[in-house]
Amino acid sequence: MLTYTLDKDKGHLSRELYKALKNDIEEGKLKRGEKLPSKRTFARNCSVSTITVQNAYDQLVSEGYIKAIEKKGYYVSDSVVKKKSKVSYLVEEDEETTIVELPDLSNNRVNVDNFPFSIWSRIMRKTMAEKQNLLLSPMKTEGVYELRRAISHHLSSFRGMAVSPSQIIVGAGTEYLYSLIIQILGRDRLYALEDPGYMKLERIYNANGVKSIKVELDDKGLSSSTLEKSNADIAHISPNHHYPTGITMPLDRRYEILSWAAKEDERYIIEDDYDSEFRVSRNPVPTLYTLDTSGSVIYMNTFSKSLASTVRISYMVLPDSLAERFKDNFSFYSSTVSSFEQYTLASFIEEGFFEKHINRMRLYYIRQRQAVLSLLSSSLMKDKCSVIENDSGLHFILRLNTVLSDKEVKEILYREGIKISALSDYSRSSSISHDFIISYSNLDMDAFKKALRILSEII
């Protein structure tokens, strides 16, 4: 009976399983032509999910180590090249270690084990078989209609937004869409950015030749009074789950911000709803776009958080007036996302797989958060810190009771091989200190345990 003991604390179980199988195939322990266990049986043997086994099998198939025979199962390939020598193996291991990064407790990348590889690859094969003519035909600037229609249906069911596909623009990442917004609204506008906030935004706006100003937040997020004082024309905000503070803007503040935008022509709000799918509460606050009555909100979201950071597909929803402006002035642009990916994602959403994936991931993140908080509460740090969080997103703030500066804390952990980001890293204000970002979307639990031990010793 083929089985492996995998260390669940390390994460990336499919990667561990893939490496174990690959090694046994290369060493000849698994013979050429040998039949591998079914996914269900193998998952039971190794005490993992069938998705983990499927991902490992898919990777081995793609590299030619095994082959899938329809209705029969998986077999070791007849053309596997064995390892040449012990030395080459060691070199391979050395090369791998050179690219390993320090564990980063604030890194919010998605765990690769949770990507639905088998479903995605099946839909892509079906897409290539059934849409050959469409795949090689020119696309509209705003993206293929099928994907924009699927996104509009998703927004309706998930966020209560009444959106026409004609208002949706698909692009390769939000950074590209920001540049489009700048061109639509004009370069002579002043953009208000949240402080603390996503630091890269300021660099993007500067690189595009527009002025921006940092506006401090209070405990409800950005306020209309600070916006008025800033003399900004555009407010770029993330009201659902602000990064990095975690603030969710309450309903009364949302109406205040909308009133600010409605007071003047050509005032707009860019609403970044980047990780709204993972809100724990079943009663999310309505989007600014839903509450808007003056056509002042540009809604933005991405599939980088819900699927994977390397899925560079984002979209924005323009109010009708701006959608018309875009079509009149910028329809000469080519779509930046390949038709293969767009049609695949459209089917993934329309056939219900995206909703199932979100539900599965939401449950996974709830358990992950509970595990992290349980580990914290049972550690020696439990009385030396406090947790600041709400019921959304994929991170929380760990506030340390210490006289050490943020820089000193980060340097101590860095010397021990652990990276962490402080809230002060995202702000121009000197008043923020002792608050650190813990992201549990792909947290290295061993590194977190080690960090807690180190912190308990120095505080």
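The rules behind the values
- Residues numbered from 1 in each chain as written.
- Predicted model: local features only at pLDDT ≥ 70, side-chain atom pairs only at ≥ 80, totals over all residues.
- Heavy atoms only, no water.
- Helix = DSSP H or I, 4+ residues; strand = E, 2+ residues; numbered from the N terminus.
- Contact = heavy atoms within 4.5 Å.
- Polar contact = N/O pair within 3.5 Å; in protein donor to acceptor, adjacent residues only side chain to side chain.
- Axes fitted to C-alpha atoms, helices over the stretch in contact; angles between N-to-C directions.
- Parallel < 35°, antiparallel > 145°, perpendicular 65-115°, else oblique.
- Left-handed = near helix turned anticlockwise from the far one by under 90°.
- Nonpolar A, V, L, I, M, F, W, Y, C, P; charged D, E, K, R; others polar.
- Pairing = 2+ DSSP bridges.
- Phe/Tyr/Trp six-rings, centres within 6.5 Å; stacked < 30°, edge-to-face > 60°.
- Salt bridge = Lys/Arg side-chain N within 4 Å of Asp/Glu carboxyl O.
- Buried < 20%, exposed > 50% of the residue type's maximum accessible area, 1.4 Å probe, protein only.

Enquirer: Sorry if this is basic, but what is going on with the environment of E266 here?
Expert: Summarising the element assignment, E266 is placed in the loop between α11 (251-262) and β7 (268-272). E266 sits 77 residues away from R189 along the chain, and the two C-alpha atoms are 9.5 Å apart. Leaving out residues up to four positions away in the same chain, E266 has contacts with R189, D233, I234 and R325. At 3.5 Å, the side chain of E266 forms a polar contact with the side chain of Y268. Polar side-chain contacts of E266 include one of 3.1 Å to the side chain of R325.

Enquirer: I would appreciate a short explanation of the packing of helix α15 (residues 353-377) against helix α17 (residues 445-458) in the present structure.
Expert: The packing of two helices is summarised by the inter-axis angle and the distance between the axes. Their axes nearest at 11 Å, the elements α15 and α17 cross at an angle of 25°. Regarding the angle of α15 to α17, the classification is roughly parallel. Pair α15 / α17 crosses with right-handed handedness. Across the interface between the two elements, A371, V372, L375 and L376 from α15 touch M445, F448, K449 and L452 from α17. Looking at the contact of α15 with α17 residue by residue, the classes come out as seven nonpolar, no polar and one charged.

Enquirer: For this particular structure, what's the right way to read the sheet that holds strand β3 (residues 168-171)?
Expert: Across a sheet, strands are paired by hydrogen bonds formed along the backbone, either parallel or antiparallel in direction. A sheet is described by the order of its strands in space; here seven strands give the open sequence β3-β9-β8-β7-β6-β4-β5, paired in mixed fashion. Strands with a single pairing partner mark the edges of an open sheet, and in this sheet they are β3 and β5 (211-216). Looking at each pair of strands side by side, their axes are set apart by 20° on average, direction ignored. Note that strand β6 (residues 234-237) and β7 share four bridges and pair parallel. Along β7, the bridge assignment pairs A235 with I269. Relative to strand β8 (residues 297-302), helix α8 (residues 174-185) is tilted by about 165°, and along the sheet it contacts β3, β4 (190-195), β6, β7, β8 and β9 (314-317).

Enquirer: Explain the packing of aromatic side chains here, please?
Expert: Geometrically, a pair of aromatic rings is defined through the distance of the ring centres and the angle of the planes. Evaluation of the coordinates by the stated rule reveals 18 aromatic pairs. Judged by centre distance (6.0 Å) and plane angle (25°), the ring pair of F42 and Y57 falls under stacked. Within this pair, whereas F42 is found in helix α2 (residues 39-46), its partner Y57 is found in helix α3 (residues 50-62), the two being separated by 15 residues in sequence. Following the ring pairs from residue to residue traces out a cluster consisting of F115, F117, W120, F303, Y315, F348, F353 and F354.

Enquirer: I tried to follow the pattern of salt bridges on my own but got confused; where do I start?
Expert: In a structure, side chains of opposite charge can pair up when their charged atoms sit close to one another. The tally for this structure, following the rule as stated, stands at 16 salt bridges. D252 is the salt-bridge partner of K220, the closest N and O atoms lying 3.2 Å from each other. Here the residue K220 occupies a position in the loop between β5 and α10 (224-230), and D252 occupies one in helix α11, the gap between them amounting to 32 residues. K220 sits in the partly exposed class, given a relative accessible area of 30%. Overall, the relative accessible area of 39% leaves D252 in the partly exposed class. Taking the shortest distance from any N to any O, the salt bridge between D435 and R399 comes out at 2.7 Å. Taken together, the residues span a long stretch of sequence, with D435 in strand β13 (residues 435-439) and R399 in strand β11 (residues 395-400) at a distance of 36 residues. Given a relative accessible area of 38%, R399 falls into the partly exposed group. Members of the salt-bridge network, linked through shared partners, are R189, D233, E266 and R325.

By themselves these figures say nothing about function.
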